[in-house]
Amino acid sequence: MDLGVRWKLHGDGRTPAPGAVVRPDERLSWPRTVGLGAQHVVAMFGASFVAPVLMGLDPNLAIMMSGVATVIFLLATRGRVPSYLGCSLSFVGVAAVIRAQGGTSATVTGAVLVVGAVLFLVGLAVQRFGARIIHAAMPPIVTGAVVMLIGFNLAPVTASTYWPQDQWTALLVMLFTGLAVVCLRGFWSRIAIFLGLVFGYGISWAFDRIFGKIHSVSPSGKVTDHWRLDLSAVSHADWIGLPHLHGPSFQWSAVLVALPVVIALVAENAGHVKAVGEMTGDPLDDKLGTAISADGVASVLSTAVGGPPNTTYSENIGVMAATRVYSTAAYWAAAGFALLFGVCPKFGAVVAAIPGGVLGGITVILYGMIGLLGAQIWINAKVDLRNPLNLVPAAAGIIIGVGNVSMKFTDTFSLSGIALGTLVVITGYHALRAFAPPHLKTQEPLLDEGTSTYDTEAEAENGSPAGTRAPHAKS
């Protein structure tokens, strides 16, 4: 059985030939391949470490399971789809809602485990019936609206939890990260979130030395005098040790909140597979179902031991586009690095010490990017918002999701926010479509045509348009 773990040496093993790319089944010399693997790890650091911290989960376990998830994905796709799987930011809002309802980390991971299982089943359905089954249930107007409300539902988390802890640090981190995203080029722009975190650490440390303790809301929720950057836990952490594991707990209310994220994950995977196929010149439509299923299996395995869910990372596509190296050998190296970082508790303690003000500045941009990815889906699919069939369900669902509108059905069961908004978008669209006049039922592009494109040298030479995709969960 071909598992995609054999690679031919590309050229002299040093750099791609002019105009050529290193294909997934090729590799450069092993030292260069290992170096590229380290580069991929750095590219995913920002989002992949921020996400578990925001979800209240162990960052060490998150990075270790991202390595495991990447291995599962590479084996499942037989090495044809180069990708790194990191913690999905799409679940951050879900985790916040579940915890606000009194849920624990086990409740969060239990709800997300169900989402991973559903994602696996969706992948099997795509393998059996093709991507048209996705389009039938989730056309671009629905997908974009759900992704948008998931992102914008997070706004109160930044406004009430992170920003008040240190508003001036948050402001500076926001400005620095924005400048990094816009002004830096190539690889450096792809790790703008990571650079923002490093800048935030430095600013917090400097402010502590200059101004002393800050009087504000602490991470525990109490207004006290406290240091912005508290590294006391780092000195007590071991250099080597396994992360903390815990089992999932299942509650229907939490599961219903989490299920809408399936739509975002399907969109992310579809866009990723399409983009990689365009860059490598290898049509990967036949691997879309496999990729979705592999992501589902990886998320189930991760959440079963207490880790976060995973998704394909656009940051790493940026690294491939910049280096023209699509070798899956580099991703095997990246997975190895992730496993090593995962068994270093001291490293996890440094990540867990990210100051609240720093997270405030980062999440202002990050959450907005997640939401605006929904708008990008609409733009790329040429969704006509002048059509009331598209406008009405999207408008209603987004307001419900962003405003956290609630509907109480019984004393023990209610729907609100993300879950209710998604239900309104999906059922509203299909119900209105059943009664709409024929001239409103316009044909829309298939979801598997992708949610984004990426700059390549070939596109630049041919003068064809290319777009960019904002970082996700995310993923």
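Think of each chain on its own: its residues are numbered from 1, step by step along the sequence as written. Per-residue local features are limited, in this predicted model, to residues with pLDDT of at least 70; the limit for side-chain atom pairs, both in listing and counting, is 80 or more; totals at the level of whole chains, interfaces and linings are taken over all residues. Side-chain metrics rest on all non-hydrogen atoms present in the structure, leaving aside hydrogens and water.

A. Just the pattern of salt bridges, in detail. By definition, a salt bridge exists where a carboxyl oxygen of Asp or Glu is found within 4 Å of a side-chain nitrogen of Lys or Arg. Tallied over the entire structure, the rule returns 5 salt bridges. For R228, the salt bridge identified is with D208, shortest N-O distance 3.0 Å. Taken together, the residues span a long stretch of sequence, with R228 in the loop between strand 5 (223-226) and helix 11 (232-236) and D208 in helix 10 (residues 192-211) at a distance of 20 residues. Think of it in three bands: residues with accessible area under 20% of the maximum for their type are buried, residues over 50% are exposed, and the middle band is partly exposed, with areas taken using a 1.4 Å probe on protein chains only. With relative accessibility at 4%, the residue D208 sits in the buried group. Its salt-bridge partner being R386, residue D384 comes within 3.0 Å of it at the nearest N-O pair. Take D384: its relative accessible area is 30%, and that puts it in the partly exposed class. Helical segments are the DSSP runs of H or I of at least four residues, strand segments are the runs of E of at least two, and each set is numbered from the N terminus.

B. The packing of aromatic side chains, seen in detail. In summary, the pairing rule links any two rings of Phe, Tyr or Trp, Trp by its six-membered ring, whose centres are within 6.5 Å, and it sorts them by plane angle into stacked for under 30 degrees, edge-to-face for over 60 and tilted for everything else. In the structure shown here, the tally under the stated rule is 3 aromatic pairs. Seen in terms of ring centroids, F176 and F199 are 4.2 Å apart; in terms of plane orientation they differ by 5°. Their pairing is stacked. Linking F176 in helix 8 (residues 167-183) with F199 in helix 10, this pair joins segments that are 23 residues apart in sequence. With relative accessibility at 24%, the residue F199 sits in the partly exposed group. When the ring of F207 is compared with that of F211, the centres are 5.4 Å apart and the planes differ by 75°; the resulting orientation is edge-to-face. Linking F207 with F211, this pair stays in helix 10, spanning 4 residues, or about one helical turn. The exposure class of F207 is buried, given its relative accessible area of 16%.

C. Here's a closer look at unusual backbone geometry. Although it is not a glycine, R78 sits at a positive phi angle of roughly 55°. Along the polypeptide, R78 turns up in the loop between helix 2 (59-76) and strand 3 (85-87). The class of R78 is partly exposed, set by a relative accessible area of 32%. Even without glycine at this site, K382 takes up a positive phi of about 55°. Its location among the elements puts K382 in the loop between helix 18 (356-380) and helix 19 (388-403).

D. Highlighting the environment of V383. Mapped onto the elements of the fold, V383 is located in the loop between helix 18 and helix 19. Sequence separation between V383 and P139 is 244 residues, and the spatial gap between their C-alpha atoms is 9.6 Å.

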